[in-house]
Amino acid sequence: MLLSDLAGKEIINLHDGAKLGLVGDADLDISLNGAVESIILASRGGFSGFWGSKGDRDRDLLVIPWQTIKKVGSEVIIIDLHEKSEKNR
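What this report covers is the structure whose coordinates are included nearby. Given the structure is predicted, the values throughout are model-derived calculations rather than measurements.

As a further point, take the overall build of the protein chain. From N to C terminus, the protein chain includes 3 helices and 8 strands. For the protein chain, the succession of helices and strands along the chain, N to C, is α-β-β-β-β-α-α-β-β-β-β. With 89 residues in all, the protein chain has 27% of them scored as buried. When the accessible surface of the protein chain is summed, it comes to about 6100 Å², and 53% of that surface belongs to carbon and sulfur atoms.

As C-alpha cells, this is what we get:
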C-alpha cells in the first residue's frame, strides 16, 4: 500500500463511531525499519482548535497505533480505538 492510497480518507473509530480526521491532515510515525507505527492527527477539540494560537493547536495530537486499524476502504479507514492516546509537544 502506498501513502497516496491513504491520503484523503476519513478515519472512523469503530468503538464509538467518531470521525477523527483525514489522513491528509496527519503525520505518520515510521520505525527505523520502515514500518508504520502510528498515525498522528491534530486533535479536533472545542474552540481551541479554531480560536487558539498556533502553539496551542500544535500541542494536542491524537496518536492512532497502526495495530488499531481494522479496515482500509475506498473512502474511510476503520479503527478500533478504546482509549485516546494524546501526545503533547
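Turning our attention to the pairing of strand E7 (residues 76-79). Residues of E7 alternate between two faces, with Ile77 and Ile79 buried on one and Val76 and Ile78 left unburied on the opposite face. Note that strand E1 (residues 10-13) and E7 share 4 bridges and pair parallel. Across the sheet, Ile11 pairs through a bridge with Ile77, a residue of E7. Pairing between strand E6 (residues 69-72) and E7: 3 bridges, direction antiparallel. What sits directly across from Val72, in E7, is Ile77.

Rules used throughout
Residues numbered from 1 in each chain as written. Predicted model: local features only at pLDDT ≥ 70, side-chain atom pairs only at ≥ 80, totals over all residues. Heavy atoms only, no water. Helix = DSSP H or I, 4+ residues; strand = E, 2+ residues; numbered from the N terminus. Buried < 20%, exposed > 50% of the residue type's maximum accessible area, 1.4 Å probe, protein only. Areas by Shrake-Rupley, 256 points an atom, 1.4 Å probe, with all protein chains shown as cover. Pairing = 2+ DSSP bridges.

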